[in-house]
Amino acid sequence: IFFKQLDRIIIHQQVDLLEAILGTETSSKYEIKNHLGQRVYFAVEENDCFDRNLCSPIRSFTIRIADNMGREVITVNRPLRCNSCWFPCFLQELEVQSPPGTIAGYVVQNWDPFLPKFTIQNESKEDVLKIIGPYATCGCFEDVDFEVKALNEMSTIGKISKYWSGFVNNVFTNTANFGIQVPVDLDVRIKAVMIGACFLIDLMFFENSLDGL
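Criteria and cut-off values
- Residues numbered from 1 in each chain as written.
- Predicted model: local features only at pLDDT ≥ 70, side-chain atom pairs only at ≥ 80, totals over all residues.
- Heavy atoms only, no water.
- UniProt positions renumbered as here; feature names shortened; annotations may be inferred.
- Phe/Tyr/Trp six-rings, centres within 6.5 Å; stacked < 30°, edge-to-face > 60°.
- Helix = DSSP H or I, 4+ residues; strand = E, 2+ residues; numbered from the N terminus.
- Buried < 20%, exposed > 50% of the residue type's maximum accessible area, 1.4 Å probe, protein only.
- Lys NZ or Arg CZ within 6 Å of the ring centre and 35° of its normal.
- Patch = residues over 30% accessible without salt bridge, like charges linked within 9 Å, V, L, I, M, F, W, Y side chains within 5 Å.
- Areas by Shrake-Rupley, 256 points an atom, 1.4 Å probe, with all protein chains shown as cover.
- Salt bridge = Lys/Arg side-chain N within 4 Å of Asp/Glu carboxyl O.
- Pairing = 2+ DSSP bridges.
- Axes fitted to C-alpha atoms, helices over the stretch in contact; angles between N-to-C directions.

- An unreviewed UniProt entry lists the protein chain under the name Phospholipid scramblase, with Aquila chrysaetos chrysaetos as the source organism.
- A UniProt comment under Sequence similarities (unreviewed entry) is attached to the protein chain, and it reads "Belongs to the phospholipid scramblase family."
- Of the comments in the UniProt record for the protein chain, the one headed Cofactor (unreviewed entry) reads "Ca(2+)".

The structure is reproduced here in structure tokens:
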């Protein structure tokens, strides 16, 4: 898998003109690039129109990630769950398969009254890494960083960043631009799980962040 060579992954959401004009949710499409901006994979979200427009931030989805030859290499599955910090019984979780049909790992939300926290788990559901976000995720005029940490939460080994790309672009298209930085020698299966974490963070904290503008 190409991730073996990468320590930085860029995820860029493709603008859908119909969604931008009408404000109607359509299936998300993404390009996954290396640090040089070269596309190495593309991703498409699968769900139905009802889920996207009624359940938007809490919707279930399957994201299929394929290489430039169209071969599916990663599948991300997320069930429909309530999204509330006051109900820890409904914490978010998603499963990442790489290759499709083989579990690579899981992203599990951890309950915390103040900070967004997640655990990255391997295929055996053993904890591998932690992700800790900031108290405020609005990110007005600046990037928002979710730090990737060792299990003791003391040492930082990487980050997932939501890039602020300019007021006009964000208000009128609400597109996602993320960067993932991890050690180059991190297990490729965990790198695949980190991409799943990035999609979950986008859906939970950023997809509707500009609805009130």
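Text resumes after the structure shown.
**A closer look at the packing of aromatic side chains**
Now for step 1: Applying the stated criterion to the full structure yields 3 aromatic pairs.
Now for step 2: Where Phe-118 meets Phe-205, the ring centres are 6.4 Å apart and the plane angle is 85 degrees; that geometry is what we call edge-to-face. Remark: Phe-205 occurs in helix 4 (residues 188-206) and Phe-118 occurs in strand 8 (residues 117-122); sequence separation between them is 87 residues.
Now for step 3: Phe-118 sits in the buried class, given a relative accessible area of 1%.
Now for step 4: The class of Phe-205 is partly exposed, set by a relative accessible area of 22%.
Now for step 5: Each residue in the set Phe-118, Phe-146 and Phe-205 is aromatic and connected to the rest through ring pairs, giving one cluster.
Now for step 6: The ring of Tyr-106 is capped by Lys-125, whose NZ or CZ atom sits 4.6 Å from the centre of that ring.
Now for step 7: Over the ring of Phe-178 we find Lys-162; its NZ or CZ atom is 6.0 Å from the centre of that ring.

**Structural notes on a nonpolar patch on the surface**
Now for step 1: On the surface, a nonpolar cluster with roughly 370 Å² of combined accessible area is contributed by Phe-114, Leu-115 and Tyr-135.
Now for step 2: Positionally, Leu-115 belongs in the loop between strand 7 (103-110) and strand 8.

**Section: unusual backbone geometry**
Of all residues except glycine, most have a negative phi; of all peptide bonds, most are trans.
Now for step 1: Backbone torsion omega between Ser-98 and Pro-99 reads -5 degrees, so that peptide bond is classified as cis.
Now for step 2: Non-glycine residue Glu-153 carries a positive phi angle of around 65 degrees.
Now for step 3: For Glu-153, a relative accessible area of 29% puts it in the partly exposed group.

**Regarding the sheet that holds strand 1 (residues 8-13)**
What links the strands of a sheet is backbone hydrogen bonding, and the strands pair in either a parallel or an antiparallel sense.
Now for step 1: In space, the 12 strands of this closed barrel follow the order 1-2-3-4-5-6-7-8-9-10-11-12, with antiparallel pairing throughout. Between one strand axis and the next, the sheet turns by 20 degrees as a mean value, whatever way the strands run.
Now for step 2: The sheet contact formed by strand 10 (residues 144-149) and strand 11 (residues 156-162) spans 6 bridges and is antiparallel. For Asp-145, the partnering residue across the bridge sits in strand 11 and is Ser-161.

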